[in-house]
Amino acid sequence: MVFQEKTYCVLVVSSTESFGTSMAPLLPPTDYYPVVYAKSSGEAQRLLAESNYDIVIINTPLSDDFGLRLACYVSSNTTAGVLLLVKNDRYTETSAKVLSYGVLTLPKPTSSQMITQTLGVLCATRERLRQMEEKQLSVEQKMEEIRLVNRAKWLLIETLGMSESDAHRYIEKQAMDLRISKAQVAKNIIHTYQG
């Protein structure tokens, strides 16, 4: 990928070391860093509990599980994009089982170009999810600020006898004068009048 500002953290899960070796050239550190390797589903789940990954690549079958449950688990419990590689004769059946979880499946053997293109799709999907997460966080922060400000306004109304519009203006003026957010002013009011 050209002129990329960030890298994607990747977990490669495969029982064979040769798969990791063949994937290395497709995961340049300029685009994918760090790349962590796991040899089993159990090891992958431990790593997933310790760290967040942007992409998880699973080369089936694994030594302790085929890899289907792991793919569905990752897709259901994390925001990582999942690529599942399966033998050609099991591709259609496996793909049908994991499609509703949002797992991308490729048949083996497959070309380097197909893996690279699929990784590009996973990166694009990850960026879309990241943007949605940021918007959701922003909305949640705004809702929390509204709740705090309303609580502070009612405290001002109850304890100081202000009207609602006066309480609102007071909070806004304090925020401007002190150059802090309305949420911080509200927290200060709540702390002062509720102890």
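Everything that follows concerns the structure shown earlier in this document.
The sections below set out a description of the structure shown in this document.

Reading the values: rules and limits
- Residues numbered from 1 in each chain as written.
- Predicted model: local features only at pLDDT ≥ 70, side-chain atom pairs only at ≥ 80, totals over all residues.
- Heavy atoms only, no water.
- Axes fitted to C-alpha atoms, helices over the stretch in contact; angles between N-to-C directions.
- Helix = DSSP H or I, 4+ residues; strand = E, 2+ residues; numbered from the N terminus.
- Parallel < 35°, antiparallel > 145°, perpendicular 65-115°, else oblique.
- Left-handed = near helix turned anticlockwise from the far one by under 90°.
- Contact = heavy atoms within 4.5 Å.
- Nonpolar A, V, L, I, M, F, W, Y, C, P; charged D, E, K, R; others polar.
- Buried < 20%, exposed > 50% of the residue type's maximum accessible area, 1.4 Å probe, protein only.
- Pairing = 2+ DSSP bridges.
- Right-handed = clockwise from strand over helix to strand, strands pointing away.
- Salt bridge = Lys/Arg side-chain N within 4 Å of Asp/Glu carboxyl O.
- Arc of directions from axis to C-beta.

1. Structural notes on the packing of helix 5 (residues 112-160) against helix 6 (residues 164-178)
At step 1: In contact at an axis separation of 9 Å, helix 5 and helix 6 are set at 120° when each is read in the N-to-C sense. Between helix 5 and helix 6, the angle is such that the two are oblique. The hand of the helix 5/helix 6 crossing is right-handed. Residues Val149, Ala152, Lys153, Leu156 and Ile157 of helix 5 touch helix 6, and the partners they reach there are Glu164, Ala167, His168, Tyr170 and Ile171.
At step 2: Considered class by class, the residues forming the contact of helix 5 with helix 6 number seven nonpolar, one polar and two charged.

2. Topic: the pairing of strand 3 (residues 55-59)
At step 1: Burial analysis of strand 3 places five of its five residues in the buried class, which makes it a mostly covered element.
At step 2: Residues Ile55, Ile57 and Asn59 point to one face of strand 3 and Val56 and Ile58 to the other, with burial holding for every one of them.
At step 3: By the bridge criterion, five bridges tie strand 1 (residues 8-14) to strand 3 in an arrangement that is parallel. Counted as the bridge partner of Val12 is Ile57 from strand 3.
At step 4: Across five bridges, strand 3 lies against strand 4 (residues 81-87) in parallel orientation. When the bridges of strand 4 are listed, Ile57 appears paired with Leu83.
At step 5: Between the parallel elements strand 3 and strand 4, the chain passes through helix 3 (residues 68-77) in a crossover that is right-handed.

3. Let's talk about the pattern of salt bridges
At step 1: Using the criterion set out here, one finds twelve salt bridges in the structure.
At step 2: The salt bridge involving Glu133 is made with Arg126; its shortest N-O contact spans 3.8 Å.
At step 3: Judged by relative accessible area, which is 7%, Arg126 ranks as buried.
At step 4: With a closest N to O distance of 3.3 Å, Glu144 and Arg147 form a salt bridge. Highlighted residues: Glu144 and Arg147, both in helix 5, separated by three residues, approximately one helical turn.

4. A short note on the environment of Cys123
At step 1: Turning to its location among the elements, Cys123 is positioned in helix 5.
At step 2: Distance from Cys123 to Lys97, taken between C-alpha atoms, is 23 Å for residues 26 residues apart in sequence.

5. Topic: helix 4 (residues 91-98)
At step 1: Taken residue by residue, helix 4 has Thr94, Ser95 and Val98 as its buried positions. Each buried residue of helix 4 sits inside an arc of 100° when the element is viewed along its axis, so together they form one side. With respect to the buried face of helix 4, the exposed residues turned more than 90 degrees away are Thr92 and Ala96.
At step 2: Where helix 4 is buried, its residues meet helix 3, strand 4 and strand 5 (104-108).

6. Concerning the sheet that holds strand 2 (residues 32-38)
At step 1: Pairing within the open sheet is parallel, and its five strands lie in the order 2-1-3-4-5. The sheet terminates laterally at strand 2 and strand 5, the two strands that pair on one side only. Neighbour-to-neighbour, the strand axes of this sheet turn through a mean angle of 20°, independent of strand direction.
At step 2: This element, helix 3, spans strand 1, strand 3 and strand 4 of the sheet and lies at about 165° to strand 4.
At step 3: In this fold helix 5 packs onto strand 1, strand 2, strand 3, strand 4 and strand 5, with an angle of close to 170° to the strand it touches most, strand 5.

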